[in-house]
Structures are given as C-alpha cells and as structure tokens.
Amino acid sequence: MGLRRVLRQADLPAERGHAPARPVTATLLSAERSPAWGVGVVAAIALAVGGVLAGRPDVAALGGLLALMSTGPLAGRPPGRPELGFGSDAVDDAGRRTAVLRDAGDGSGRLMVLRGRGPGARQSCLVAASTERLELRVPLPLSGRREVLRYAVSTASADLVALQDEAAAGSLVAGLRPLPARARRLALPHRLRSHAGDHRGPLAGGGTDTLGTGTWQAGDGLRSIDWRATARSTAADGMPVVRRFAAPADAAVVLAVDARADVPTDAAAWSRPLAGRLRMDSSLHRARSAAATIAHSYLAAGDRVGMMDAFGFAAPLPPAAGHRQFELLRRRLTTLAVPPTSLGPERPPQPPPGALVFLLSPFLEPDACERAAEWVRTGHVVAAVDTLPELDLGGTAGMEREAWELLLASRAASHALLAERGIALLPAEGVEAALDAWAVRRMRAPGGPR
Amino acid sequence: MTRRPVPESFEAVGVRTVPSAALGAVAAALFLAVCVPAALAQASRFGGASLAFSLGAAGTAAALAVWIPHHLTTLPVLALLVAAYLGLAPAPGWLLPVVVLVLHAVLVLLGARSTAPASARFTTAALAALLRAAWPVQVGAQALGALALAAGTLPRGGIAGTAAGLGAALVAVGAAYAAVRIGRRAGGP
C-alpha cells in the first residue's frame, strides 16, 4: 500500500538570489523484507537439513544464527520519512549550497540510503543512520534556474532484513538571479529625448508630477516656490518652501535576448554532458549578467526597460520603470532557458517604436545579425552584445571540430555585417565599461548624439 | 582529448564516512581467514589439485565480495564458509564460535553493501547502527553454538545430538522473537 504525499520545500529569500525549490513528491511504502532476509532463510534451512543428514549439531547451530537474524521483520518496522531540502541559504566560495537530509519519522534505528545525480556529475550515494541530520554540499549553477540534484532515498532496517525501496524521491531546483554592475554613462538616442513618456524618473526636474517639497536652495527657480506652504512653514530661518517635480524620463530600452543556444566555455560540453558543466561560464550566463547590468543602469537613470525574446519564443515584458520592473526582469532572466523547439513564430517580434534595442546573442547563426539589421531599417537604434565566451576547442575532434570552425567562420561574417550596417558590437563581459565607451563615442560622433 | 575527473553530485559535510569497498574488503579478509587454513588442510589430505581448487574458489568469492555488492554474492560466500568449516574436520570446539562470528560479520557487511551502489559511502553512525542491531543476534548465536557443542559432544553427534542442537536453536529463536516483541510493545518491560 503506497501513500503519496508532497513535501513542500521552504521558499528561499529572493534577495539572496535563489528561486524557491519545486515541491518534491515523496512516496512512502510499507517496509518489505529484503533479499538478504531471503538469503538467510534459505541458508538456515539448508544448514539445518545438512546438519541433520550429517549428524552435526554444530552445523545446525550455524543455521540457527541465520534463523535468529530472520526474526527481525516479524516485529514489523514503522515506515521512515526521510526528507531532503535546502537548509541555509548561504553559498560557499565554491558555489555550493547546503541541503539537509533528515528522517522525520520516530528516529528509531534505520539506515537511509541517499542516491543523487546532479548535471554533469557522477552519481553520489551516502548511507546514514536515521538519527543523523546530514548536511550535504550541492553545487549550484553560475546563474539561472536549474535542477541541481535528482535524488531517491530508500531506507533499510539496521538489521538489514526490512527494506523500503523508495521512501522519498524528487529533485532540488535552485535559481540564481544575475548580479548587475552599473555603467556610468549611457547611450541615449537623441530623438528619444523629445518623446515625453508617460512615466517619471526618480530625479527632480521639469516634469508635472510632484516629487515633494523642501526649503529653497540655490538653483531652484522662483516659480517653484510654494507660497502657501511657505506661509504655513514654521522654519526659523524663514527660507521659502519650494515644490519639486519629477523629471520625465523618455527612453525606452528593450533587451532582446537570443536564447536559442547555451554555449559553454568548453565547446565539447555543448553537445555532451561533461564534468563541471554546471559551473561553466556560458553564453546564457553572460546574457543574463549583461542584460541585468544594462537594465539596472537604465532603470537607475529613470528610463523604461523591457525585455523580449529576439525570436519570439517567449512573451515580451513591456517597458516600464522602477525597482519592481528590475525585479521582474531579473526573474525573467533567471528563468531564461534554451527553448525546447526550434520552430519560432512566423511573424518576427518587433520592439516598441523608437526603442533603443540591445540584442544579446552569441551570433553563431546569421539570422541574429539579419534580425538586428531589420530593426535598424525600422528606425530603431540597435546595439549588439556578443555573449559567446572564449571557446576552448581542445576537447573537440574530427567532424565536431570542423563544425565548430564553420560556426566560428559564420560568426566572423556576422560581425563583419554588423560593422557594415553601423551596429555597435559590445562584449558581454565588462558590458558596463563598453556601454560607457559607446556613450562617449556616440556623443563625439559628427552631428552630436544620434 | 584529456579525461577530466567527474565531480561528486554532493558531498557530506562534517561526518566521517567509510567507502563501501572497505566493507567488502573487510568481509573478504574475514572470509579468507577461515577459507585459506581450510584449503591448506584439504591439501594435506587430498593433494595440490584440491588446494588449487579451494584457493581458486575462495579467491573468486573474495573478489565477488569486494567488487559486486549484491545479495546473491552473499549466498556463495556463506556456502564456501560453511564448506571450509566442514573441511576442517575434525573441527576443534573453539572453531565454531569463530566461524559463527565470521559468518555473521560477512553476512552483515555484504548485506550492508547490498543496500547501496558500489560507490556508496557509509557514515560511521550508520556502521554503529549496524553493529548495535547485530550484537543481540551474535550473542544469541554464540549461546546457541555453545548449546549445540554441549549437546553434540555428550552423545558424540548423531541424529539425537543434531535434534538436540536444532531444538536448542528453536528455543533460542523463540526467545529472541519474544524479546523483540516485548521490547517493542509500548509500555512493555
């Protein structure tokens, strides 16, 4: 008789960058006699019969030992309830987090056998007593949401005659949100400045939305003095009170992410699971980090930032401003994954009119470059962010090596086409410095910022 | 193309662990400690071919105990242990407690290995739980062996002696069963 139950993993705090773990399904089965019990009974009977036939009571006594061991399961065993879940949310220097294995049953003497396999790692197995509370270090990915451990726990009585084959089974899922950096100067298309948006920035300026009031300071206009508030003021220095307004923020920035491939540093690990793949730098990890940095920089300046899949595999996130939008973007970036199909929508997605578009792609396929060129033709300012990490082709050979060389040649052609169309190519690694330099280049360009 | 070591999926923190292969090695060493003297005794009576056969069988069973943690491994190992005990005829009285101890240890160690894959590691607390569960059985089995030896030496074996041994075994098993039931009943003594 099986009893199914759901063990809910504790939600993890968002500020530490971990997504809540998926509920884990556990199956509790009644204890069954183990094959060792069968071996003992067979050997006991054989020795008893042999002892009688040979007239050797000492041989029969050997069978008595095995018969003694077989009395264990007659007393019955309460089913165990081992549980595995993330404990502390701390991550160590090697990028590992602590999971806790414990038995929520009555704590009687049993053995817990935990078997688990993480991505790119070999199966690990641990046998522990049910009275133990074991802490296990589980490696986490650099960023994104991943299943980090698929596990099964069985239990056995300490005398090894009762077994519970699958006392608990499930998986541990961890999500690490990308950490942003901040760019000092930001490129902003000149024509976007003349489009007053329906949103407001966090800085004081010449808008219409009231930001607050305060005492007059050098630089405040006389027209901003709130005479009624000044009359009501009890300030001893007699300084007039001014009303401040929020500055309008105009630019809409769209992060278009090409998530069709997640290429790791070790090229051989792209097509087959290899050791250390979980902690390997990859194109999607770079896309997450670069997109978070760009979004953080523009949102901090009061601009609106949205996100879309460059090839329409996921629903877009409309541009908006504010800290909540940044958290929404980080959540989207955390769940960013390679789409399960290569069949995208027939109609290509379009960024909002006049938006500044950052296309984040490894540019392994020419259509990414063509997509950027198409958006330039429709009046957008486009910057390409190259997310491919420095590749190590050492693990590839034969046709795989040749295929990689062809891909890299196609990528070089895409870069040339981007340069020909005047599309800036920024590296994802250190994108904040690249943004800064790009902003300076655009300001110094003939005719001013475009 | 270089082969890189594949990392563990998880690592236990703050506990001492013993690899499963070490349990198999201990079981194999105990097993050989009984089988090799028996093989030498066989050789003194039946010649070199018997020695080679016995050592070959013992070596194969020891290798099985170390490398293949499976329930079925236990059966040939137990059978060879008993055969080795029988081969040491006329067995001295002190040999029975030793064989009982070795048989039990081999059964427990190989049974523990059978619960987990070959790559498993056992915590020291798990091994302590195994020992705690094994000692009452071992005490009972030694008492049983003493009874059987006493019953067997008086009439010098034979059907009556064996029947007395089996009777003693049944009494010991019944007593152990009753003790377990009473001990686990809520509110029992």
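A few points on the structure. What you see is a predicted model, and the numbers here were worked out from it, not measured in a lab. (Residues numbered from 1 in each chain as written. Chains lettered and ligands numbered in written order. Predicted model: local features only at pLDDT ≥ 70, side-chain atom pairs only at ≥ 80, totals over all residues. Heavy atoms only, no water.)

**Considerations on the interface of chain A and chain B**
- Listed by partner, the interface residues are 64 residues for chain A and 66 residues for chain B.
- Across the contact surface, chain A and chain B share two salt bridges.
- Close ionic contact of Glu-8 of chain B with Arg-122 of chain A constitutes a salt bridge, the shortest N to O distance being 2.8 Å.
- Viewed at the interface, chain B and chain A are joined by 14 residue pairs in polar contact (both at pLDDT 80 or more).
- Mapped by element, the contributors of at least two residues to the side of chain A that touches chain B are helix H1 (35-54), helix H2 (57-69), strand E6 (110-117), strand E7 (124-129), strand E8 (134-139) and strand E9 (144-157) of chain A.
- Top contributing element to the side of chain A that touches chain B by residue count: H2 of chain A, with twelve residues.
- Among the residues forming the side of chain A that touches chain B, the class breakdown is 39 nonpolar, twelve polar and 13 charged.
- For E7 of chain A and strand E3 (residues 121-123) of chain B, the ladder comprises two bridges, and the chain directions are parallel. In the sheet register, Leu-126 of chain A faces E3 of chain B, and the bridge partner there is Arg-121 of chain B. (Contact = heavy atoms within 4.5 Å. Salt bridge = Lys/Arg side-chain N within 4 Å of Asp/Glu carboxyl O. Polar contact = N/O pair within 3.5 Å; in protein donor to acceptor, adjacent residues only side chain to side chain. Helix = DSSP H or I, 4+ residues; strand = E, 2+ residues; numbered from the N terminus. Nonpolar A, V, L, I, M, F, W, Y, C, P; charged D, E, K, R; others polar. Pairing = 2+ DSSP bridges.)

**Comments concerning the sheet that holds strand E1 (residues 11-13) of chain B**
- With antiparallel pairing, the four strands of this open sheet are ordered in space as E4(A)-E5(A)-E8(A)-E1(B). For this open sheet the edge positions go to strand E4 (82-91) of chain A together with E1 of chain B, each flanked by a neighbour on one side alone. Pairwise comparison of adjacent strand axes, ignoring direction, gives a mean angle of 35° for this sheet.
- Two elements, E4 of chain A and strand E5 (residues 96-103) of chain A, share six bridges in a ladder whose sense is antiparallel. (Axes fitted to C-alpha atoms, helices over the stretch in contact; angles between N-to-C directions.)

**Focus: the sheet that holds strand E15 (residues 317-320) of chain A**
All names here are of chain A.
- The sheet built from six strands is open, its strands ordered E15-E14-E13-E16-E17-E18 with mixed pairing. Strands at the two margins of the open sheet, each flanked by one partner only, are E15 and strand E18 (424-427). Adjacent strand axes in the sheet meet at a mean angle of 20°, parallel and antiparallel pairs treated alike.
- Relative to strand E14 (residues 304-309), strand E13 (residues 252-257) is paired through six bridges, and the arrangement is parallel. Opposite Leu-255, over in E14, you have Met-307 as the bridge partner.
- Helix H6 (residues 283-300) contacts E13, E14, E15, strand E16 (356-361) and strand E17 (381-386) of the sheet and is inclined by roughly 165° relative to E16.

**Re the nonpolar core**
- Membership of the largest hydrophobic core comes to 59 residues, with the highest contact counts inside it found for Leu-62 and Val-127 of chain A together with Phe-31 of chain B.
- The element contributing the most residues to this core is helix H4 (residues 95-114) of chain B, with twelve residues.
- The contact partners of Val-127 of chain A, leaving out residues within four places of it in the chain, are Leu-111, Met-112 and Val-113 of chain A together with Ala-116, Ala-120, Arg-121, Phe-122, Thr-123 and Ala-126 of chain B.
- Of all hydrophobic cores here, the second largest spans 34 residues; its members include Val-253, Leu-284, Leu-329 and Leu-336 of chain A. (Core = buried A, V, L, I, M, F, W, Y, C linked by side-chain atoms within 4.5 Å. Buried < 20%, exposed > 50% of the residue type's maximum accessible area, 1.4 Å probe, protein only.)

**Looking at a nonpolar patch on the surface**
- Together, Ile-45, Val-49 and Leu-53 of chain A give the surface a local cluster of nonpolar side chains, amounting to about 320 Å² of exposed area.
- Take Ile-45 of chain A: it is sitting in helix H1. (Patch = residues over 30% accessible without salt bridge, like charges linked within 9 Å, V, L, I, M, F, W, Y side chains within 5 Å. Areas by Shrake-Rupley, 256 points an atom, 1.4 Å probe, with all protein chains shown as cover.)

**Thoughts on the packing of aromatic side chains**
All names here are of chain A.
- For the structure on display, the rule yields three aromatic pairs over all chains.
- Judged by centre distance (5.9 Å) and plane angle (75°), the ring pair of Phe-358 and Trp-438 falls under edge-to-face. Of this pair, Phe-358 sits in strand E16 while Trp-438 sits in helix H10 (residues 431-444), and the two are 80 residues apart along the sequence. The burial state of Phe-358 is the same as that of Trp-438; both residues are buried.
- In this structure an aromatic cluster arises from ring pairing among Tyr-298, Phe-358 and Trp-438.
- Arg-97 extends its terminal NZ or CZ atom over the ring of Phe-86, reaching a point 4.3 Å from the ring centre. (Phe/Tyr/Trp six-rings, centres within 6.5 Å; stacked < 30°, edge-to-face > 60°. Lys NZ or Arg CZ within 6 Å of the ring centre and 35° of its normal.)

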